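Residues per chain, in single letters:
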Amino acid sequence: MKNSLDLAVLGNCEIAALVDADATIVWCCLPRFDGDPLFHALVAGSRAEDGSFAIDVADKLSTRRRYLTNTAILETDIASATGIVRITDHVPRYQHWGRILRPSMIVRRIEPISGQPQITIRMRPLTDWGRRRPDRTRGSNHVRYLLEDQVVRLTTTVPAEFIDREITFVLDRPHVLVLGPDEAIVEELMEFERRSRECTHDYWTTWTRGLALPFEWQDVVVRSAITLKLCAYEQSGGIVAALTTSIPEYGSPGRNWDYRFCWLRDAFFSVQALNRLGATAVMENFMGWVKNVVARSPSGYLQPLYGLTFESRLEEREVKELPGYRDLGPVRVGNGAYSQVQNDSYGSVVLALAQSFWDTRLTHRGDHHLFAMLEPLGEQAMRRWNEPDAGVWEYRGRQSVHTHSAVMCWAACDRLARIADHLGLADRAAKWRASADYIHEGIVKEAWNEELNSFASCFGGKDVDASLLLLADLGFVAPRDPMALGTLAEVERRLRHGNHLYRYAGEDDFGEPESAFNICTLWLAETLARVGREEEAREVFASVLAVRNDVGLLSEGVELETGELWGNFPQTYSMVGLIRCARRLSKSWEDAF
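The text that follows walks through the structure, step by step, so that each part is easy to find. (Residues numbered from 1 in each chain as written. Predicted model: local features only at pLDDT ≥ 70, side-chain atom pairs only at ≥ 80, totals over all residues. Heavy atoms only, no water.)

What links the strands of a sheet is backbone hydrogen bonding, and the strands pair in either a parallel or an antiparallel sense. Pairing in this open sheet of three strands is antiparallel, and the strands run 28-29-30 from one edge to the other. A strand with exactly one partner marks an edge of an open sheet, and here the two such strands are strand 28 (516–517) and strand 30 (564–566). Of the strand pairs in this sheet, strand 29 (residues 557–559) and strand 30 are connected by three bridges, and their pairing is antiparallel. Paired with Val558 across the two strands is Leu565, which belongs to strand 30. (Pairing = 2+ DSSP bridges. Helix = DSSP H or I, 4+ residues; strand = E, 2+ residues; numbered from the N terminus.)

In structure tokens form, the structure reads like this:
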């Protein structure tokens, strides 16, 4: 079967796995999101017979799946000629002795719903990026797999020989499979699964109950919020851009990147979206991650991305042995963009943490110490606002003074002025206000193109890109200012295709893009709503909702002719956009009744 992005996410903020429509786990990295994939079939192309964890049902007729309401627990029903099998998957996460328990463990329950279906369990992990099949040993009720630098154990109620030799058997009663650390489970396994699943269910339903949901599209927002949380690595507070590497853009050989790292820009959007829903713990954890990153750079210079535990060198290499998603390689590990200059990073960090200075719900609020830590970032923004960089789209072959990066530098200074005023630091407030005003004046002078009646993507340029739609959201211009309206018109004229938006037009390092960017389309919907084009905004939003997969998730882009998703998955940017649009477009609770 051809790989697709009809995938569901399992996770617990420690590990994550991607499961296809047949309940096969096709992607899972250990011991954390950016690790060696235990299951890598998603990027194994035509050689995907290994690197997966499948429960094959003989004479399969159809499948149907769903997340249990307001949880990250996945239920898949597979109908066959001889009966129906239900597979219930979860990754444990719950309160235990006053702490959150989040083991590196995947728990699978298999049960016959009707008839006497036959199944075959195919547990085929690989190690060292698919280069080696691990040695294994077998016990009475488990199989151990000896990976490169760790051992995992599959503990089960299924006879271990059935798994070791892939023996087909009749499923006449429920069974449990627990894949996790090489440790004995000192509890009856069926009871362990039941207790773990119920506790995990309680955790997620309690967490989602605390979200400030809009009246409309609540299911969209809940699924997006859970997915964003699953992309946060709780050990450090870092938030990855996506859980995969090297899922390409449509029709674009070479645009295969490793997104399993923490981009400051993407993390800001994730934190902002969850803050607006009232899920502030992610911001508090992210504050800790940022403090560690900033502490490693006394000058205030920031890379665009870092590793989960603050790694600054993310050397990029290709895995020649893997053919890639649908054989569209290369498969890359690491991301060379870490060495790029991207000057929007300073604004991203300040914006992500600004709320902490006002939000009285937080355990660890922003204070004078945090402000002092952020000021060097403002100094960098003041120094760099009119210097060339790779920009928000990370061009690898050229640099320009990008308008979006300059506006983010302005935002860093503007928010520092507001924070200083809030803290009663009058002299610092005046300094940062003067800096922000100076940058604002310079951007208008250099980036506004009278001929286009629009801001340009770069100083003195004649092109536009979708990030210009963020200027009003950032407060740089008012939504209905003539400059904002002119920019919207030009972006629509050159980048809009039906109800979807490309991020830019023209060639980049790899030719012309052939897929629309989901986050850009969602920026368009928000912008249309701000200027009073509400019905049109709803239509644009509906177009994005229509291309989500069957469990409500999005990747980075979509090919418009087929509506097929392309790019790394799940893309936090895209899930953020769903939350923002739903909140912007929904009727209020007060007006609903």
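Now that the structure is up, let's keep going.
The next point concerns the side chain of Glu526. Along the chain, Glu526 falls in helix 12 (residues 518–530). Contacts of Glu526, omitting those with residues within four sequence positions, involve Arg580, Cys581 and Arg584. (Contact = heavy atoms within 4.5 Å.)

Below, the discussion takes up helix 11 (residues 482–495). With 14 residues, helix 11 extends 20 Å from end C-alpha to end C-alpha; this agrees with the ideal 20 Å at 1.5 Å per step. For helix 11, the full list of buried residues reads Ala484, Gly486, Thr487, Leu488, Glu490, Val491, Glu492 and Leu495. Looking at the buried residues of helix 11, the elements they touch are strand 24 (448–449), strand 25 (454–455), strand 26 (496–497), strand 27 (500–501), helix 12 and helix 13 (534–547). (Expected span 1.5 Å × (residues − 1). Buried < 20%, exposed > 50% of the residue type's maximum accessible area, 1.4 Å probe, protein only.)

The eight strands lie next to each other as 6-7-8-11-17-15-14-13, forming an open sheet whose pairing is antiparallel. Single-partner strands in this sheet number two, and they are strand 6 (60–67) and strand 13 (135–138). Each neighbouring strand pair of the sheet contributes to a mean axis angle of 15°, computed without reference to strand direction. One ladder, built from seven bridges, connects strand 7 (residues 74–80) with strand 8 (residues 83–90); its direction is antiparallel. Of the residues in strand 8, the one forming a bridge with Ala79 is Ile84. Contacting strand 8, strand 11 (106–115), strand 15 (151–156) and strand 17 (175–181), helix 2 (residues 189–209) runs over the sheet at an angle of about 75° to strand 17. (Axes fitted to C-alpha atoms, helices over the stretch in contact; angles between N-to-C directions.)

Residue placement: Val9 occurs in strand 1 (residues 8–11). The buried category is assigned to Val9, whose relative accessible area is 1%. Sequence-wise, Val9 and Leu74 are 65 residues apart; in three dimensions their C-alpha atoms are separated by 8.4 Å. Those residues within four positions of Val9 in sequence are excluded, and the remaining contacts are Ala17, Leu18, Tyr67, Ala72, Leu230, Leu243, Leu553, Phe569 and Pro570.

Looking now at the pairing of strand 7. A large share of strand 7 lies buried, amounting to seven of its seven residues. Burial along strand 7 is two-sided: the residues Leu74, Thr76, Ile78 and Ser80 and Glu75, Asp77 and Ala79 are all buried. As paired strands, strand 6 and strand 7 are joined by seven bridges and run antiparallel to one another. The residue bridging Arg64 from the neighbouring strand is Asp77, located in strand 7. Where strand 6 hands over to strand 7, the hairpin turn is made up of six residues, of which Asn70 adopts a positive phi near 60°. Counting the residues that bridge the hairpin from strand 7 to strand 8 gives two residues.

Let us look at the pattern of salt bridges. Under the defined criterion, the tally for this structure stands at 61 salt bridges. When the shortest N-O distance is used, the salt bridge between Arg494 and Glu490 registers 3.2 Å. Of this pair, Arg494 and Glu490 are both found in helix 11, four residues apart, which corresponds to roughly one turn of the helix. Accessibility expressed as a relative area gives 7% for Glu490, which makes it buried. Each of Asp50, Asp56, Arg122, Arg124, Arg133 and Glu166 takes part in salt bridges that share partners, so that together they form one network. (Salt bridge = Lys/Arg side-chain N within 4 Å of Asp/Glu carboxyl O.)

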